[in-house]
Protein chains: 2
Amino acid sequence: MQADALVLLGAGTIDVPPSWVRPGAAVIRCQPSLETGIVTYTVIVITITLHSCFSVFISDIEISRAQTPKPVDQLAAEIGVLPEELEAYGRSKAKVQLSLLDRLHTQPDGKYVLVAGITPTPLGEGKSTVTIGLVQALSAHLKLNSFACLRQPSQGPTFGVKGGAAGGGYAQVIPMEEFNLHLTGDIHAITAANNLVAAAIDARMLHEATQSDKALFNRLVPSVNGVRRFSPIQISRLNRLGINKTDPASLTPQEVSTFVRLDLDPSKITWQRVVDTNDRFLRKITVGQASTEKGMIRETGFDIAVASEIMAILALADSLEDMKNRLARMVVGTSRSGQPITAEDLGVSGALAVLMKDAIKPTMMQTLEGTPVFVHAGPFANIAHGNSSVLADKLALKLVGRNGFVVTEAGFGADIGMEKFFNIKCRASGLRPNVVVLVATVRALKMHGGGPNVSAGAPLPREYIDENLSLVAGGCRSNLRKQIQIAHLFGVPVVVALNVFKTDTQAEIDLVCQLAKECGASDAVPCHHWAQGGRGSLELAQAVNEATSRPSNFQFLYNIEMPIVEKIRTIAQKVYGADDIELSPEAEAKIDYYNQQGYGSLPICMAKTHLSLSHMPDKKGAPTGFTLPIRDVRASIGAGFIFPLVGTMSTMPGLPTRPCFYDIDLDPVTEEITGLF
Amino acid sequence: MQADALVLLGAGTIDVPPSWVRPGAAVIRCQPSLETGIVTYTVIVITITLHSCFSVFISDIEISRAQTPKPVDQLAAEIGVLPEELEAYGRSKAKVQLSLLDRLHTQPDGKYVLVAGITPTPLGEGKSTVTIGLVQALSAHLKLNSFACLRQPSQGPTFGVKGGAAGGGYAQVIPMEEFNLHLTGDIHAITAANNLVAAAIDARMLHEATQSDKALFNRLVPSVNGVRRFSPIQISRLNRLGINKTDPASLTPQEVSTFVRLDLDPSKITWQRVVDTNDRFLRKITVGQASTEKGMIRETGFDIAVASEIMAILALADSLEDMKNRLARMVVGTSRSGQPITAEDLGVSGALAVLMKDAIKPTMMQTLEGTPVFVHAGPFANIAHGNSSVLADKLALKLVGRNGFVVTEAGFGADIGMEKFFNIKCRASGLRPNVVVLVATVRALKMHGGGPNVSAGAPLPREYIDENLSLVAGGCRSNLRKQIQIAHLFGVPVVVALNVFKTDTQAEIDLVCQLAKECGASDAVPCHHWAQGGRGSLELAQAVNEATSRPSNFQFLYNIEMPIVEKIRTIAQKVYGADDIELSPEAEAKIDYYNQQGYGSLPICMAKTHLSLSHMPDKKGAPTGFTLPIRDVRASIGAGFIFPLVGTMSTMPGLPTRPCFYDIDLDPVTEEITGLF
């Protein structure tokens, strides 16, 4: 820190408006008192004249660390979670047991608010900060019960380009390092479960290739002290095969063969391994090259862990039993005779449920202003559905009660995260949202209005720093208008939240709010939560409260019984603005196969770039006149959706030349972390 | 369960000796009262006449579940851990902060007991149950403070062949499912850290191959608002390179090139990826086959996560700072000019320390009789050092105080686990053990005495069920004698603990105890902890207490300054009984290289089969007249040891045709787990 002058403004306990706490001031200690609703800080403010006002700022982790979170059991008591329903993980995070849903089942649900966004720049436009600012405003300032439901960040981006996902500035989940690192281990549990399935697949193919039917049967149904018995998971498989026998000795040789041989076609394994690291060299690999694997090499790959079907199941399951059944139904590949092979066929589904038994409980944390947050399920709405969990939302809706608010977040632009929230998550949960908050920034609007390229790591062009009303207007009339229209397709009112940056001018802010309303938003307001915390989002909280009093006429975009191709076409045309879709021969063949297997009535989870409404990342605004290419189609039968791949989407990110990890460090004496943001 | 008759013996609260609770009795509810030291059960015993007395037994998980663990904060209070030193993870496990070591630094250490074993059968001979039975006897029955220090099991064996590692019968850590599944996430943290290094290696090679020096420098040291700065981790690298400059602009073009290019030789990358799953198809793989990786394919592989160097560092570090420094020193490969490249060169060492900041704190749990246990670091003494952590032992030694006992466990036979405990772990910790408990079973002794092959999954041959004194004597006079001699090489007295099975006859038990003493053991006693809990290990506890009053003259097996080859030869000859060693040309070249790099003064961590004193798994007893083949040599510079591979050791286990997971299931209503053992 290079300072020309230090001026001590005050010391001891003084009232400091949060807006004082801005770039250029170093806050030594902040201690908001949250119970009173009045934010009082114990603070020393040092004003610094800097060589460059951009070269020193208060980092997110410094703000996070400056606030001591209240003990998680105290938070639980405040919001009506009983001690026996809470499983603490350290002092500031806890899992909440699902039995809470039974206890509160007569309690009416609160209001349900979805935060979505316009198509973002690669830098992100602050949906998480808006979500946190909004609940801080609702709870700590308007005195309305509220809960934020967020997704657990992937360690890939945390150590890659993006950094953490705990919000930022004065709208954060704290402690942000707990949020951004292992949390309570859910993603690790998913990784372990996913990779146990993968190991089971390859080992099973090897054992089938090297053993007779009889040898396989003797090992799969071993004689223990002279008695052979099928395990329950084997009885399930026999039933699916139409062999209604329970005595192993009664199987005919043909039935033994049918039972012991999954006969997986190595070229039709759809199950990939996963890792929660941006490891691009694992995108396409060859496995089985050690001599012990007897030449059974095959090509496969790793996805980022949050793209695992098991993550989607965690988000969509509405009970432990539902999760277990979904895990059992997961299809991992196809037999040589064209039959789908499931996790239950591999005998692994019980073990998967055991590995996931704690992950299904949402993790409770708190915002910087002490309001409750659930963190559950994962991000990546481009290559997954990218929504937080049904169970977290349901628990939160009961906890806030009739007049309370649950604010949940859908990843990336409304065209992907929100579309999947409505068509997949709301279908699974039966919940209906009251209002959509659509997050926009002047920066992203200028990009959509024709501004130059924005990329991570490069300095922002002048257009994004200086006032430019024409670019702003262009963005409002293209991408913002389209995203509002998409929300209206579902019959839900929209409040536009303009996440204000310090370079935005008043004229730009006013223009966005005016045009957003002209484009159909119920309301449009500027938000200053990053600099001011909940107080900076009061206007948004009032607008949201107002909007939820209006009727919402929720409807799905498509009927689930429509043919798969028609469902894909509907999303492409109505949501993305495409003229039509174009299926690769591979995609067509897969769709035929899924129809034939009876998977035709599942909703669609598109894997599409988040950087454009179209499949072309560089087409900003609201592109038209394009045909959407469907390169391949996969099926996540356990999660319950068909998964078309649009264009060249990768399911494994990479590391840049200088990843975030270069700046991340730990002081071994104070145990303080630096460089996480 | 097929019963011919049910006889209700009692209901309500009655006194039942634990020995009643045996195969043939179904216990509905067991509630030992531990505070009094008298085991009282609230129990209903139903005696069942069975078709086969072997086909129904009380499983470990049923015993574990029948006992409600005391709250972990109560356990902590009982043993003197302050509330602020405890981080609960749910109700029955907690991490203990390292600051406790500072608070108790003036407290004298307790006595230090190592549990090792004779060469086991593939079924394992019960070192963990002996460890737990011993602390139960010391604490709950002899009223001596005691602590067990165990290793966290790998999920590979838990879902593969072996099952869990929480002990068994009435000598278990509870809840055993918490112990055997994710615990507090340490192995997941190791996996994440290990694989972040791997991703950093391949991504860096790609970026260096596709960018000029200038482009790399511009990205690695970016201009932020016109100012370039080195990060602390980059300054470290510059210092190692002998470039004592801090202003990026002052580097010469040659210095820029030296700084930005790690110039890793793809054929000399020693860092492998890891997964905590038995995934044999990952033993040898080719990565980088997607077109985005531009043809930079290379062969590599995955190890089981517990074999990661980071696991070894977790076990050997004695502070957060020591761990951080060791992580930075890890060598991942060699540059084309022959220089070792470290994790710090990759810029990733700070992030590794951050990922491992919670894993370094040992996890506290309890035995079935409510005595404290630390679980920390990992198993696999064949392909790793396989010992629990230095920090757990140090914390426990302070907590039990001068007259207390810390019982720690070394993996597999004394020839590998104990040898590494002494030569590697004791060297790192400075701690000196008072006594070695050497675990033997009649089963393993018969095998070493010439009995037929024992293999997992196959029925035990009659020799192992019927009395056979000559096989027992043969095993005592070969393997048991040799393992006792190995402990005496280090100057530590040995108590032999015979883990009694129900098929052992009194004559067999007496013979083992008699011959063990003839072979040099200070004492030899039978143990009945599996059936009786701590009460069944009272004799062992008394023998151990007695043995610790004798002087121990601890000495290392080799001087650390001996040449690498001599250290390997010393272990091979004195410990394994080999005539000599034979180095492959590759091993010789590696040793030359390590000497040249200044790594010659590190201790040796042999990767050798655990199924024989030799490198040949089928050579039982105490083989002689063999030459030990050293196929390859690796170096774990961060962990601090040289790692010779003996024969064809695999660092990744496989799954059998019918893995354990077939029987593992979760009841979604009661949330009870079945099939874990």
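Predicted model only: the values in this text are computed from it and were never measured. (Residues numbered from 1 in each chain as written. Chains lettered and ligands numbered in written order. Predicted model: local features only at pLDDT ≥ 70, side-chain atom pairs only at ≥ 80, totals over all residues. Heavy atoms only, no water.)

Asks: Mind laying out the pattern of salt bridges, listing which residues take part and the relevant values?
Replies: Enumeration according to the criterion identifies 74 salt bridges over all chains in this entry. We note a salt bridge from Glu-409 of chain A to Arg-151 of chain A, for which the minimum N-O separation is 3.1 Å. Taken together, the positions of Glu-409 of chain A in strand β23 (residues 405-413) and Arg-151 of chain A in the loop between β9 (146-150) and α5 (155-159) put the pair 258 residues apart, joining distant regions of the chain. With respect to burial, Glu-409 of chain A and Arg-151 of chain A carry one shared label: buried. A salt bridge links Lys-361 of chain B to Glu-87 of chain B, with the shortest nitrogen-to-oxygen separation between them at 3.1 Å. With a gap of 274 residues between them, Lys-361 of chain B in the loop between α13 (349-355) and β21 (363-367) and Glu-87 of chain B in strand β6 (residues 86-88) connect regions that are remote in the sequence. Accessibility assignment for this pair places Lys-361 of chain B and Glu-87 of chain B in one class, buried. (Salt bridge = Lys/Arg side-chain N within 4 Å of Asp/Glu carboxyl O. Helix = DSSP H or I, 4+ residues; strand = E, 2+ residues; numbered from the N terminus. Buried < 20%, exposed > 50% of the residue type's maximum accessible area, 1.4 Å probe, protein only.)

Asks: Can you lay out helix α22 (residues 585-596) of chain A for me, pointing to particular residues and giving the numbers?
Replies: Residue and element names in this part refer to chain A. Relative to the 16 Å expected for 12 residues at 1.5 Å per residue, α22 spans 17 Å between its end C-alpha atoms, a close match to the ideal helical length. Taken together, the buried positions of α22 are occupied by Ala-587, Ile-591, Tyr-593 and Tyr-594. Buried residues of α22, viewed axially, fall in a sector of 160 degrees; they line one side. Set apart from the buried face of α22 by more than 90 degrees, the exposed residues are Pro-585, Asp-592 and Gln-596. The elements touched by buried residues of α22 are β19 (331-335), β20 (340-342), α21 (564-576), β27 (580-583), β28 (627-636) and β29 (641-646). Where α22 ends, the next residue or the one after it, Gly-598, has phi of about 85 degrees, a positive value. (Expected span 1.5 Å × (residues − 1). Arc of directions from axis to C-beta. Contact = heavy atoms within 4.5 Å.)

Asks: Any details on the packing of helix α15 (residues 414-429) of chain B against helix α21 (residues 564-576) of chain B? Residues and values, ideally.
Replies: Residue and element names in this part refer to chain B. For the pair α15 and α21, the least separation of the axes is 11 Å and the interaxial angle reads 125 degrees. By the angle between their directions, the pair α15 and α21 is classed as oblique. As for how α15 packs across α21, the hand of that crossing is right-handed. Facing Asp-415, Ile-416 and Glu-419 of α15, the residues of α21 in contact are Ile-571, Val-575 and Tyr-576. Considering only residue class, the contact of α15 with α21 consists of 4 nonpolar, no polar and 2 charged. (Axes fitted to C-alpha atoms, helices over the stretch in contact; angles between N-to-C directions. Parallel < 35°, antiparallel > 145°, perpendicular 65-115°, else oblique. Left-handed = near helix turned anticlockwise from the far one by under 90°. Nonpolar A, V, L, I, M, F, W, Y, C, P; charged D, E, K, R; others polar.)

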